[in-house]
Amino acid sequence: MTERNKRDGSNKDTLDKNQRHLAEHTVDPQQVSIKAWSQKLLVALLCLASFYGGWKSYESSMVNQCFASGGQIVERDKTILCEIS
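I will try to describe carefully the structure that is included in this document.

## Comments concerning the overall build of the protein chain
Next up, step 1: In terms of regular secondary structure, the protein chain is built from two helices and two strands.
Next up, step 2: Start at the N end of the protein chain and walk to the C end: the helices and strands fall as α-α-β-β.
Next up, step 3: Across the 85 residues in the protein chain, those meeting the buried criterion constitute 4%.
Next up, step 4: For the protein chain, the accessible surface area stands at approximately 7900 Å², while carbon and sulfur atoms represent 58% of it.

Laid out in structure tokens, this is it:
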């Protein structure tokens, strides 16, 4: 048997193994869809948590700047104001 025939035979064996492997591990499309939706929901929740955390961090930074400049926080309706006395 020549070297080329040996290589061709081993390539065929590898292809057969890969095809059997793929046939054994076929995934139900519905499972993939559920996983994709759960990942989308997780990403959306993480985005909301990140936005809320950033908002609160910004709010805290503004309050700290107000106090650093000698001001006081005054709450009016839904607005927070910094009054410097």
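Now that the structure has been shown, we can carry on.
## Quick word on the state of the cysteines
Next up, step 1: Inspection of every chain in the model, using the stated rule, returns one disulfide.
Next up, step 2: Put simply, C66 and C82 are joined by a disulfide, and their sulfur atoms are 2.0 Å apart. Given an S-S torsion of about 90°, the disulfide between C66 and C82 has right-handed geometry. Of the two residues, C66 is situated in helix α2 (residues 29-68) and C82 in strand β2 (residues 79-84); the sequence distance between them amounts to 16 residues.
Next up, step 3: Take C66: its relative accessible area is 3%, and that puts it in the buried class.

## Description of the packing of aromatic side chains
To describe a pair of aromatic rings, one takes the distance between the centres and the angle between the planes.
Next up, step 1: Under the defined criterion, the tally for this structure stands at one aromatic pair.
Next up, step 2: Judged by centre distance (6.0 Å) and plane angle (80°), the ring pair of Y52 and W55 falls under edge-to-face. Of this pair, Y52 and W55 both sit in helix α2, separated by three residues, roughly a single helical turn.
Next up, step 3: Since its relative accessible area comes to 46%, W55 is described here as partly exposed.
Next up, step 4: Above the face of the W55 ring, K56 is positioned so that its terminal group lies 5.3 Å from the ring centre.

Calculation notes
Each chain carries its own residue numbering, running from 1 in the written order of its sequence. With the structure being a predicted model, the display of local features is reserved for residues of pLDDT at least 70 and the display and counting of side-chain atom pairs for 80 or more, all residues being used for whole-chain, interface and lining totals. Each side-chain value is derived from all of the structure's non-hydrogen atoms; neither hydrogens nor water enter the calculation. Secondary structure follows DSSP: runs of H or I at least 4 residues long count as helices, runs of E at least 2 residues long count as strands, and numbering of each begins at the N terminus. For the exposure calls, accessible area comes from a 1.4 Å probe over protein chains only, and a residue counts as buried if that area is under 20% of its type's maximum, exposed if over 50%, partly exposed in between. Note on areas: these come from Shrake-Rupley sampling with a 1.4 Å probe, and a residue is covered only by the protein chains present in the view. Only a pair of cysteine sulfur atoms within 2.5 Å counts as a disulfide in this structure description. Stacked, edge-to-face and tilted are the three classes for Phe, Tyr and Trp ring pairs, Trp counted by its six-membered ring, which pair at centre distances within 6.5 Å; planes under 30 degrees apart are stacked, over 60 edge-to-face, the rest tilted. Two thresholds decide whether a charge sits over a ring: the Lys NZ or Arg CZ must be within 6 Å of the ring centre and within 35 degrees of the ring normal.

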